[in-house]
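Below, each chain spelled out in residue letters.
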Amino acid sequence: MLWRWKLLHVSSISIIKTPSSSSSSIYNHLSSPPILITFSTNQISTLLLPPSPPPPSHRPRQLALARGYRTTVLLTPHIVQSTLLNCPSDLIALSFFFWCAKQPHYFHHPTAFDHMVTLLSRLTQHFKTPKSILKQLECLGNVTKPQTLLLLLRIYWRGGMYDMIFPVFEQMLDYGYTPNTYTLNIVMDVLFKIGRVDVALRVLKETQVPNFLTFSIAISNLCRLHDFITIPDVLRNMFRHGYYPDAHNFPMLLNCCCKSGKLAEALQLLALMITLGIPASVTVWSILIDGLLKSGRLLMAIDLLDKMVEAGYSPNVVTCTSLIKGFLESQMPGSAFHILSNLESKGYSPDLVLCNVLIDGLSKIGRYDDALDVFFSLPKRKLVPDSYTFCSIVSAVCLSRQFALLPLLVSGYIIQADLIVCNSILNYFYKAGYPSAAVEFYNDMIDRGFIPDMYSYVGLLSGLCGVGRIVEAVNVYHGLVKNHFNLDAYIHTVIMDGLIKSGNSNIAVRLFRKAVAEKYAPDVVAYTVAINGLLRGGRPWEAYSLYNEMKEVGVVPNKSTYDVMISGFCRERDVKMVKQILREMIDGGIELDCSTFDMIMSIFKSSHSHSIHHLFIEFLELGLISNKALYALLVDGLTNADDAHLSLKRNTGEILDVCLSSSEDLSDVAASLG
């Protein structure tokens with residue numbers, strides 16, 4: 001048969017158990033009204049064991065049943081559920097469930113399906129296959145019909161027992177039944193869930209009479225997979241069949257567009273939603289604001305927030321979480337706290353997600369005390385820290401270098417340890433100056449069954465180098481290179497940095513050269529670390545050669561690269577190379593910070609080089625000297641009376657002219673130091 005050919009290899013698919021799919025809820029029928037069902041004596045005796053003797057008031061009814069008369073029973077979801085719970089065996093309960101479904105105008109309540117999920121799971125565990133279960137039901141007098149197989153399919157689907165879906169489907173084909181749209185919808189959804197998107201799309205394409213739910217299932221799964229490439233084709237197919245997304249589909253589609261950076265497409269969907277008369281909700285507004293923030297359009301997001309309020313919608317915690325995160329990432333903590341204050345004034349209480357965003361965002365902009373205040377407020381808000389909270393507070397402690405605080409902060413909390421939490425602890429131990437503890441903790445992770453990822457190996461390599469176990473560190477690195485073809489460039493950086501800091505610059509450079517020769521792709525950070533290793537190892541010309549090689553392969557030097565080069569050649573007292581690097585910094589628009597400026601000033605004072613002085617003037621004219629460096633230059637030029645600095649003093653007026661013609665006056669520059 002056609003469908004057998006299409007799903008020929010599906011039954012042999014290896015399936016990973018997943019939680020029950022929420023998508024099955026779209027098929028849940030509402031509770032059906034009570035209906036009258038006529039039982040015969042034979043049917044009752046087939047389905048149930050003889051009941052216990054009824055009370056005297058029920059004697060006439062018992063006598064009627066015993067004599068084979070027909071009696072009327074009020075069939076309601078409550079009675080069905082009670083009967084299912086009191087059935088003497090799972091097979092009898094399943095048979096009764098099927099029998100009830102055959103009664104006219106009766107539809108099972110979702111609670112009955114939930115009960116059958118547990119029951120059918122036990123039967124499957126005992127009888128192994130749906131085919132064996134059907135044979136046992138036939139022994140009880142149950143006739144296998146399309147509705148029986150469809151109900152079996154629905155129960156397996158609702159329970160997330162996806163490995164049983166395809167055997168039931170095969171049974172339908174073996175009995176000669178043609179799958180209807182409902183059946184194909186279930187099969188398609190399961191194919192999406194187990195990752196067989198290609199087969200699922202074939203089922204969608206070949207469904208003869210697709211309905212709205214067919215397209216809704218496809219859209220839901222494609223949005224979940226962030227497969228924006230396929231979604232437009234599914235939508236066009238949906239429109240051709242006369243169906244349109246509803247109020248449930250549009251938020252998913254908009255969210256998928258925004259997360260994929262497809263803002264233009266999101267606005268087109270919004271226009272379609274408005275045209276169809278579907279009102280915007282707070283969820284829709286929040287998705288659009290979050291999409292704008294993720295794309296760096298902060299001002300547009302603020303404007304959209306104003307329009308949201310004008311339209312009569314009140315931002316909720318989700319909306320404000322996106323805004324607060326955007327403001328913190330834009331270095332605008334004042335605006336973030338203003339949003340938080342407005343949210344709380346309207347009676348909303350920040351949830352754990354918002355608090356985690358605050359802790360993480362404030363830490364990254366150096367507001368460590370504020371981040372700790374948020375953490376300390378969690379008990380007052382009746383919020384329990386999770387693994388993300390723990391990782392965020394560990395990051396805050398490491399960034400602030402207040403390592404002694406961590407044991408005090410997390411004392412009394414029970415955190416469910418996952419790999420991310422373990423990696424955070426590894427990072428903490430190394431940065432706090434306990435590399436041996438990092439190595440010991442890594443070994444404990446492995447003993448407890450954790451499978452390390454690249455971040456785990458970063459902690460291990462840093463720890464091994466920190467305790468001087470260089471041979472082991474190099475062996476671990478070689479193992480990673482051998483077993484991971486696309487090894488993250490950060491791994492190369494970490495091993496080289498660890499080796500250089502432990503005084504093994506030559507080994508670091510040798511490993512880097514080997515990585516480049518074997519076509520691994522070090523990034524600018526890895527190159528910068530390698531250059532630093534060569535300079536520290538007294539090999540400046542090899543460092544310069546590697547610097548040129550980096551540019552030749554398309555890796556653009558960053559500010560750290562230039563700082564390392566200037567620092568190294570200043571130590572070598574190589575004025576010519578310093579001037580060359582400064583020229584390249586000007587061409588690249590790289591700002592000269594205070595520490596780099598101090599190094600250059602040192603070599604400038606000893607060499608009396610006027611060419612370097614002219615480069616400084618050029619830096620000033622282009623606005624490429626930081627405020628602190630500029631202030632240091634002016635103070636030094638105006639106050640130092642040593643003869644060695646007369647050259648600088650003679651040109652102080654020229655420097656002041658350049659400075660005072662810029663957008664910042666001298667008082668602003670001086671204030672920046674405070």
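Placed above this text is the structure.
Reference entry: report on the structure contained in this document. (Residues numbered from 1 in each chain as written. Predicted model: local features only at pLDDT ≥ 70, side-chain atom pairs only at ≥ 80, totals over all residues. Heavy atoms only, no water.)

1. A closer look at the overall build of the protein
If you tally the helices and strands in the protein, you get 39 helices and 2 strands. Counting every position in the protein, which comprises 674 residues, the buried fraction comes to 48%. For the protein, contacts bridging at least 24 residues in sequence account for 68% of all contacts bridging at least 6. Approximately 33,700 Å² of the protein is accessible, and the part contributed by carbon and sulfur atoms is 57%. (Helix = DSSP H or I, 4+ residues; strand = E, 2+ residues; numbered from the N terminus. Buried < 20%, exposed > 50% of the residue type's maximum accessible area, 1.4 Å probe, protein only. Contact = heavy atoms within 4.5 Å. Areas by Shrake-Rupley, 256 points an atom, 1.4 Å probe, with all protein chains shown as cover.)

2. Here we look at unusual backbone geometry
Notably, His226 is not glycine yet its phi reads approximately 55 degrees, a positive angle. Position of His226 relative to the elements: it lies in the loop between helix H12 (212-224) and helix H13 (231-240). Assessed through its relative accessible area of 43%, His226 is described here as partly exposed. Within the chain, Lys382 stands out as a residue other than glycine whose phi angle is a positive 60 degrees. With respect to the helices, strands and loops of the structure, Lys382 is situated in the loop between helix H21 (368-376) and helix H22 (387-400). By relative accessible area, Lys382 is classed as exposed at 76%.

3. Topic: H12
The end-to-end C-alpha separation of H12 is 18 Å, in line with the 18 Å expected for 13 residues at 1.5 Å each. Burial runs high along H12: 10 of the 13 residues are buried. Restricting attention to buried positions, one finds in H12 the residues Thr214, Phe215, Ser216, Ile217, Ala218, Ile219, Ser220, Asn221, Leu222 and Cys223. For H12, the N-terminal capping position is held by Asn211, with its side-chain oxygen 3.2 Å away from the main-chain nitrogen of Leu213. (Expected span 1.5 Å × (residues − 1). Polar contact = N/O pair within 3.5 Å; in protein donor to acceptor, adjacent residues only side chain to side chain.)

4. Section: the packing of helix H29 (residues 505-517) against helix H30 (residues 524-536)
H30 packs onto H29 with a crossing angle of 140 degrees between their chain directions and a minimal axis gap of 9 Å. Here H29 is positioned oblique relative to H30, judged by the angle of their axes. Crossing handedness for the pair H29 and H30: left-handed. Contact residues: H29 offers Ser505, Val509, Phe512 and Val516, while H30 offers Ala526, Tyr527, Ala530, Gly533, Leu534 and Arg536. (Axes fitted to C-alpha atoms, helices over the stretch in contact; angles between N-to-C directions. Parallel < 35°, antiparallel > 145°, perpendicular 65-115°, else oblique. Left-handed = near helix turned anticlockwise from the far one by under 90°.)

5. Remarks on the packing of helix H10 (residues 181-193) against H12
Where H10 meets H12, the axes come as close as 10 Å, and the angle between the chain directions of the two elements is 5 degrees. Considered as vectors, H10 and H12 are oriented roughly parallel to each other. Packed against H10, whose contacting residues are Thr181, Asn185, Met188, Asp189, Phe192 and Lys193, the element H12 presents Leu213, Thr214, Ile217, Ala218, Asn221, Leu222 and Arg224 at the interface.

6. Examining the packing of aromatic side chains
By the definition in use, this model includes 17 aromatic pairs. Here the aromatic rings of Phe97 and Phe113 are separated by 5.3 Å at their centres, their planes lie at 85 degrees, and the arrangement is edge-to-face. Note that Phe97 is positioned in helix H5 (residues 90-101) and Phe113 in helix H6 (residues 110-127), a separation of 16 residues in sequence. Phe97 sits in the buried class, given a relative accessible area of 0%. (Phe/Tyr/Trp six-rings, centres within 6.5 Å; stacked < 30°, edge-to-face > 60°.)

7. Describing the nonpolar core
Soluble globular proteins: nonpolar side chains tend toward being buried together. Formed by 191 residues in total, the largest nonpolar core has its most connected members in Leu94, Phe97, Tyr156 and Ile495. Broken down by element, the residue count for this core peaks at 10 residues, all from H5. With residues near it in sequence (within four places) discarded, Phe97 still touches Leu84, His108, Ala112, Phe113, Met116, Leu151 and Ile155. (Core = buried A, V, L, I, M, F, W, Y, C linked by side-chain atoms within 4.5 Å.)

8. Structural notes on the side chain of Asn249
Take Asn249: it is sitting in helix H14 (residues 249-259). A polar atom in the side chain of Asn249 sits 3.2 Å from the side chain of Ser216. Every residue in contact with Asn249, bar those within four places of it in the chain, is listed here: Phe212, Ser216 and Ser220.

9. Some thoughts on the environment of Cys100
Inspection of the secondary structure puts Cys100 in helix H5. Once the C-alpha coordinates of Cys100 and Pro77 are considered, the two residues, 23 residues apart in sequence, prove to be 10.0 Å apart.

10. Focus: the environment of Ile324
Tracing the backbone through its elements, the reader meets Ile324 in helix H18 (residues 317-329). A sequence separation of 11 residues divides Ile324 from Ser335, and the C-alpha atoms of the two residues are 7.7 Å apart. Those residues in contact with Ile324 that lie beyond four places of it in its chain are Ala336, Ile339, Leu340, Leu354 and Leu358.

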